[in-house]
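Chain residues, written in single-letter form:
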Amino acid sequence: MMDNEVDVFYRELPKVELHAHLNGSVSCPTIEKLISRKPHLNIGHGMTAIGKGQRRTLDECFQVFKVIHQLVDTEEDILMVATDVIKEFAADGVKYLELRSTPREEKHTGLTKKSYIETVIKAIKQCKSEGVDIDVRFLVAIDRRNGTEVAMETVKLAEDFMLSSDGLVLGLDLSGDPTVGHGKDLLPALQKAKNCGLKLSLHLSEVPSQLEESDLLLDLPPDRIGHGTFLHPAMGGSQGLVDKVVKHNIPLELCLTSNVKGQTVARYSDHHFKHWYQMGHPSVICTDDKGVFSTDLSQEYQLAASTFDLSREAVWKLSHDAIDCIFAPDTVKQQLKQKWIDLKPQVFK
Ligand SMILES: CNc1ncnc2c1ncn2[C@@H]1O[C@H](COP(=O)(O)O)[C@@H](O)[C@H]1O
Ligand SMILES: [Zn+2]
């Protein structure tokens, strides 16, 4: 996204990003660097991002991640990718970021799941020491396709890092192709994670066929929901599901461009943001995969505002209220709220 396409108000708006997959967030310039490191892979740029006006099926989106994973398979790659992504979010006015990523083992390069997470943490610490103006935390992701055993291993790894990373690792994400695997097989691992104090953000009902799974996973309950596209009765879900989300007051992470480009939502004006926002339910605008979907968080706020006719004050409240949905402790929430107070005159000048 070029700067001049987004109104300066949305760029300067301080923002909280809670749903960003590391390898889906890799920008064009970083992809270029990766391609030049690995010319033998013969990967062209068109294979890693979905441009303006383009769409793919969700299935095709998952093919794109496979291509990016080929490009990012060493500690060096992960360090560069994570550092670039963090700096790009900071340049877009994001003041607090929860990055998520699936630790991968790559036997041919010596990458292990542990060194994968260590490298992301190293990137976060490096950005901090360089004075980049953003507070970054990490959620360890479980890819649902890998089943019970890997999920258990991932929980153990996340727990170890939660205890040793000075508060940088806060929780777990459940993601991956929603048409593969079933949440019931992952329930024991998620329950264990919750019991040891890891926060849970779960992709729920990203596709229509997951209502039974969502009903089951909502009883955990998770601390946040990714997408939740088909939970609401107006989207083919049910009042019972909405009631559970409301009863537990579980915030939703909503990613407009991701859902439209991945074709689970037909057009922006049909996005389920409108149902939850109207109810006054905590709804946080997020990017999902800013690289793959060629977007950024400022653009997503502007899209939400123009599609649903939100005033600047309403947009301000939307970004401010996201602070209450972060996984970091209350002291961090207070610091961020102070930052929003300090920045407001400048943004509304
Ligand atoms: C489009 N909607 C989506 N739905 C579900 N999972 C998604 C996703 N977008 C991304 N991921 C998950 O994030 C991984 C890439 O980042 P990391 O390698 O983990 O950093 C994908 O392989 C998938 O597991
Ligand atoms: Zn996601």
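Up top is the structure these notes are about.
Treat the numbers as computed from the prediction; the structure is a model and nothing was measured.

Student: Quick question: what am I supposed to make of the overall build of the chain here?
Tutor: The secondary structure content of the chain amounts to 14 helices and 8 strands. The C-alpha radius of gyration of the chain comes to 19 Å, within 12% of the 20 Å expected for a compact globule of 349 residues. Viewed in the frame of its principal axes, the chain has a C-alpha envelope of about 50 × 45 × 40 Å. Within the chain, buried positions represent 58% of all 349 residues.

Student: What should I look at first to understand the coordination of the zinc ion (ligand 2) in this one?
Tutor: A four-donor tetrahedral metal ideally has 109.5 degree angles, and a six-donor octahedral metal ideally has angles of 90 or 180 degrees. Coordination sphere of the zinc ion (ligand 2), protein contribution only: His19 (NE2), His21 (NE2), His203 (NE2) and Asp288 (OD), at 2.1 to 2.2 Å. Note that the zinc ion (ligand 2) binds 4 donor atoms; their angles at the metal cover 82 to 168°, and the shape is irregular. Spacing between the donor residues of the zinc ion (ligand 2) along their common chain follows H-x1-H-x181-H-x84-D. Here His21 falls in the buried class, since its relative accessible area comes to 14%.

Student: I'm lost on the packing of helix H4 (residues 75-91) against helix H5 (residues 113-129) in this one. Help?
Tutor: When two helices pack together, their arrangement is given by the angle between the helix axes and the distance between those axes. Between H4 and H5, the least distance of the axes is 9 Å, while the angle of their chain directions is 40°. By the angle between their directions, the pair H4 and H5 is classed as oblique. Every pair of crossing elements has a handedness; the one defined by H4 and H5 is right-handed. The segment H4 lies against H5, with Glu75, Ile78, Leu79, Ala82, Thr83, Ile86 and Lys87 engaging Ser115, Tyr116, Thr119, Val120, Lys122, Ala123, Ile124, Gln126 and Cys127.

Student: Looking at this structure, I do not really get the sheet that holds strand S3 (residues 135-143). What am I missing?
Tutor: Strand pairing within a sheet occurs via backbone hydrogen bonds; the two strands may be parallel or antiparallel. Pairing is parallel across the open sheet formed by 8 strands, whose spatial order is S1-S2-S3-S4-S5-S6-S7-S8. With partners counted over all chains shown, the strands left at the sheet margins are strand S1 (15-21) and strand S8 (283-285), one partner each. On average, each strand axis in the sheet is tilted by 25° relative to the strand beside it, whichever way the strands run. Bridge count for strand S2 (residues 94-101) against S3 is 6 bridges, and the pairing is parallel.

Student: So what exactly am I meant to see when it comes to the environment of Lys199 here?
Tutor: You can see Lys199 is positioned in strand S5 (residues 199-204). On the accessibility criterion, Lys199 (32% relative accessible area) is partly exposed. As a C-alpha pair, Lys199 and Ser164 span 35 residues in sequence and 16 Å in three-dimensional space. Apart from residues lying up to four places away in sequence, Lys199 is in contact with Leu170, Gly171, Leu172, Asp223 and Phe327.

Student: Is there a simple way to think about helix H3 (residues 58-71) in this case?
Tutor: Because the α-helix completes a turn every 3.6 residues, residues three or four places apart line up on one side. Here H3 spans 21 Å end to end across 14 residues, near enough to the 20 Å set by a 1.5 Å rise per residue. Residues of H3 that are buried include every one of Leu58, Cys61, Phe62, Val64, Phe65, Val67, Ile68 and Leu71, and no others. In this structure, the buried residues of H3 make contact with helix H2 (28-37) and H4.

Rules behind the numbers
- Residues numbered from 1 in each chain as written.
- Chains lettered and ligands numbered in written order.
- Predicted model: local features only at pLDDT ≥ 70, side-chain atom pairs only at ≥ 80, totals over all residues.
- Heavy atoms only, no water.
- Helix = DSSP H or I, 4+ residues; strand = E, 2+ residues; numbered from the N terminus.
- Rg over C-alpha atoms; globule rule 2.2 N^0.38 Å.
- Buried < 20%, exposed > 50% of the residue type's maximum accessible area, 1.4 Å probe, protein only.
- Donors = N, O, S within 2.8 Å, 3.2 Å for Na, K, Ca; no water.
- Tetrahedral: all angles 85-135°; square planar, octahedral: opposite > 155°, others 65-115°.
- Axes fitted to C-alpha atoms, helices over the stretch in contact; angles between N-to-C directions.
- Parallel < 35°, antiparallel > 145°, perpendicular 65-115°, else oblique.
- Left-handed = near helix turned anticlockwise from the far one by under 90°.
- Contact = heavy atoms within 4.5 Å.
- Pairing = 2+ DSSP bridges.
- Expected span 1.5 Å × (residues − 1).

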